[in-house]
Amino acid sequence: MKIEGTFLRSKVARRIFLLFVLCALLPIAALAIVSFGHVTQELNRQSQKRLHQGSKAVALGIYERLLFLEGEIRIVATTLTTQTGTSASKGSAVFSEGSPERFMSLAFISGGGRRNDLFGRMEDPPELTAAEKRHMAAGKAALVGSRSGSDVPPRMFMAMALDPQHPARGTLLGEINTTYLWGTGDENALPPNTELCILDHSLIFLVCSLPGRVSLPEQAMRDMTHSASGQFEWRHDEREFLASYWTIPLQFRFFVPKWTVVLGESKADVLAPMANFKKIFPLVILLSLWVVLLLSISQIRRSLVPLERLQEGTRRIASRDFGTRVAVTSGDEFEELAGSFNTMASRLGRQFNTLATIAEIDRTILSALDTQKIVEVVLTRMPDVLPCDGISVSLLDSHGTHTAQTYLRGGSPKDEAVVEATALTPREVQGLHDNPESLLVRLDSDPPHYLGPLGRRGVTSSLVLPIFLQEKLTGIIALGYLDHPGFSQEDLTQARQLADQVAVALSNARLIEELDRLNWGTLNALARTIDAKSPWTAGHSERVTELALKIGRELGLGPKELEALHRGGLLHDIGKIGIPAVILDKAGRLTEQEALTMREHPRKGARILEPIPAYAEVIPIVLQHHEWFDGTGYPDGLAGEAISLGGRIFAVADVYDALTSDRPYRAGLGRERAIESIEQGAGRQFDPRVVEAFLAVMTTEETGSDRTSPESLSALHSPSERR
């Protein structure tokens, strides 16, 4: 090979060349004189280390490409799931640029076995086993090999269920471009002068860069079955090789037990430096010995200090310390390289911080089921992605009136959020429909109404991101700036992605809120239906529920327990649906049989609610609100802590409302006498702790008038079946 001398025009090239000639060979010469016999051993050791690192790098590269392929095919599956049809145009449209180099073909196989080629043409696809289908039902991809002959490299396929929750919807099957997968098409994928072989879990060759039939030593094959990595030597075609292997575990992710990457290097190539060393060593010693002492110190210092700083900076970058900067003032290419390095570190830092912030925002808003929480996250975290001087989120009324609540905050998380009511004109709404991605608005003399709150705080321009749900304008995110901002396409794309995630989160939150309103509305309607069975109990369930919630708060119950009280209160008398109205409205004393029938209403209520799993925590309240603390109540005669806390709370609330309400068989008690009666029943009919909380609630309310005579008190301490 002819050596060109043009590289010496560079200051750094000349300095490193001079350093190599004058200094690098002198330590080698000294080492060779002292320990010439160890050179071969050292070369072998370094080669093994290089091969070990190389095999690991190749293995990780293959695994990374598998993950990338899995991600691409998952994108196709997601797109086909959310779109109608599985045409080839839709299948190929979602592939990223370069996908044809990674997949030979892609096909959709329906639940009935019909194949539709989405990309390329797939010949003789493999049949998926039941075990592979079960693996894909867990939302994972499966690798499937197909070998048409022992001398033909196998074809590799990746399969994934279109919808893991509905396997019958079909399967995506892609034939992998093995040149891309093994990395054999990239000349930089392997260390120089190395050979690559890849074996499957049965130690059968999937690919090998060596010509002819290759066989590995039996001991090496046994080692591969028991260890994840190792080294060995073997002979092939009269050539001796040093080799290292690294195992890629694939069972969990791709349903293939493992692949083993073997990277080998010829011993002749390993020991090639020895031949050159023997030839040039005497001449180098004679030429370098006299001048090295004079020039080495200054040249090494000038050359290695910048390199050391760059190396240290690289290590910090590798550990994600993107704030590191390298200071080099050598006045040559090292200084230019340091400047480029610092620029790269700054850009990487911004990109990584942005990506991390976006991922955190995504996790937070998508896990939140409360609209206010979503808005708070957007107000506080979105300026971390796109710095701004102010941000607002406008949520439009769901009834289509074009009125909105606008939540506003300054560019700093320390600023307090402000809420203002705004109204959009039809023209403003149409303008947002015409620009669904983003809109840059200058706030001149007549800004849009939804930007009014930002404009009143000195903002002169705003980036507007409309939020649509089912093609209906639902919200607006506006980033405000005191000066005219400049955005890159990457900034706009990231902002739009965040807005789309906010749209998904708001959709989920609104659905949950609508379901919650529907649930409570249904419960209230059912409670009124129960109370409407008798004119004497109208509003009873709602009044008892309100009092029980006050007692629960006084007892320090949490939101979950209070919600159970709320549900239980509205449904506590649902069993009265099965009680004849003649018993409920009877003016006189109930007969023994009528009393037994009335006492069945807690059990009837529990049986009505049993088929509904969501009301499992409500059933104890319905079943036990007529139990007495001393065990003389009904239907099961439970006592003390054996009665659920909800049952004990409703025992007090139910009796209080019954005592203060008119019934066909007696007039209602006054408030003070009812409270006195509840207090007298503590420890016998009622839990003393609940009575104490009840009394604390009563002290905060206004005193009512006494509406009955003392004789009515005798009705309290006999179990009333008709409460």
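Sequence positions are assigned chain by chain, starting from 1 and proceeding in written order. Given that the model is predicted, a residue must reach a pLDDT of at least 70 before its local features are reported, and side-chain atom pairs must reach 80 or more before they are shown or counted; all residues, however, enter totals for whole chains, interfaces and linings. By convention in this description, side-chain values take in all heavy atoms of the structure and omit both hydrogens and water.

Trainee: Please clarify how the side chain of His 626 should be interpreted in this entry.
Mentor: Secondary structure follows DSSP: runs of H or I at least 4 residues long count as helices, runs of E at least 2 residues long count as strands, and numbering of each begins at the N terminus. Along the chain, the position of His 626 falls in the loop between α21 (619-624) and α22 (645-659). Burial here depends on accessible area, computed with a 1.4 Å probe over protein chains only, as a share of the maximum for the residue type. Under 20% is buried, over 50% is exposed, and the range in between is partly exposed. Judged by its relative accessible area of 2%, His 626 is buried.

Trainee: Explain the pattern of salt bridges to me, please; I cannot follow it from the model alone.
Mentor: Oppositely charged side chains may form a pair once their charged atoms are brought near each other. Salt bridge criterion: a side-chain nitrogen from Lys or Arg within 4 Å of a carboxyl oxygen from Asp or Glu. What the rule picks out here adds up to 20 salt bridges. One salt bridge connects Arg 253 with Glu 70, and the closest N-O pair in it is separated by 3.0 Å. Taken together, the residues Arg 253 in helix α8 (residues 251-254) and Glu 70 in helix α2 (residues 39-82) connect sequence positions 183 residues apart. For Glu 70, a relative accessible area of 3% translates into the label buried. The partner of Glu 72 in a salt bridge is Arg 102, with the nearest N and O atoms 2.8 Å apart.

Trainee: Is there a simple way to explain helix α13 (residues 426-434) in this structure?
Mentor: Residues spaced three or four apart along an α-helix face the same direction, because each turn holds 3.6 residues. Along α13, the residues that are buried comprise Glu 428, Val 429 and Leu 432. Angular distribution of buried residues about the axis of α13 spans 100°; they occupy a single face of the element. When the buried face of α13 is taken as reference, the exposed residues oriented beyond 90 degrees from it are Pro 426, Arg 427 and Asp 434. Whether two residues are in contact is decided by their heavy atoms, any of which lying within 4.5 Å being enough. In this fold, the buried residues of α13 make contact with β13 (418-423), β14 (439-442), β15 (461-469) and β16 (472-481). Starting at the helix axis, one direction is taken to each C-beta atom, and the arc is that of these directions.

Trainee: Would you mind going over the environment of Leu 571 with me for this structure?
Mentor: Structurally, the position occupied by Leu 571 is in helix α17 (residues 559-571). On the basis of relative accessibility, which here comes to 0%, the residue Leu 571 falls in the buried class. Separated by 29 residues in sequence, Leu 571 and Glu 542 place their C-alpha atoms 9.6 Å apart.

Trainee: When you look at the packing of aromatic side chains in this model, what are you seeing that I'm missing?
Mentor: What characterises a pair of aromatic rings is the spacing of the ring centres plus the angle enclosed by the ring planes. Note on ring pairs: Phe, Tyr and Trp rings are taken, using the six-membered ring of Trp, and paired if centres are within 6.5 Å. Classes follow the plane angle, with under 30 degrees stacked, over 60 edge-to-face and the rest tilted. By the definition in use, this model includes six aromatic pairs. Measuring from centroid to centroid gives 6.2 Å for Tyr 63 and Phe 254, while their planes differ by 80°, and the two rings are edge-to-face. Placement of Tyr 63 in helix α2 and of Phe 254 in helix α8 is noted, with a sequence separation of 191 residues between them. You can call Tyr 63 partly exposed: its relative accessible area is 25%. Its relative accessible area of 0% is what places Phe 254 among the buried residues. A ring pair is formed by Phe 232 and Tyr 245, whose centres lie 6.2 Å apart and whose planes are at 40°; its orientation type is tilted. Separated by 13 residues along the polypeptide, Phe 232 in strand β8 (residues 229-236) and Tyr 245 in strand β9 (residues 239-250) bring together distant segments of the chain. Put simply, the rings of Phe 232, Trp 234, Phe 241 and Tyr 245 touch in pairs and so form one group of aromatic residues.

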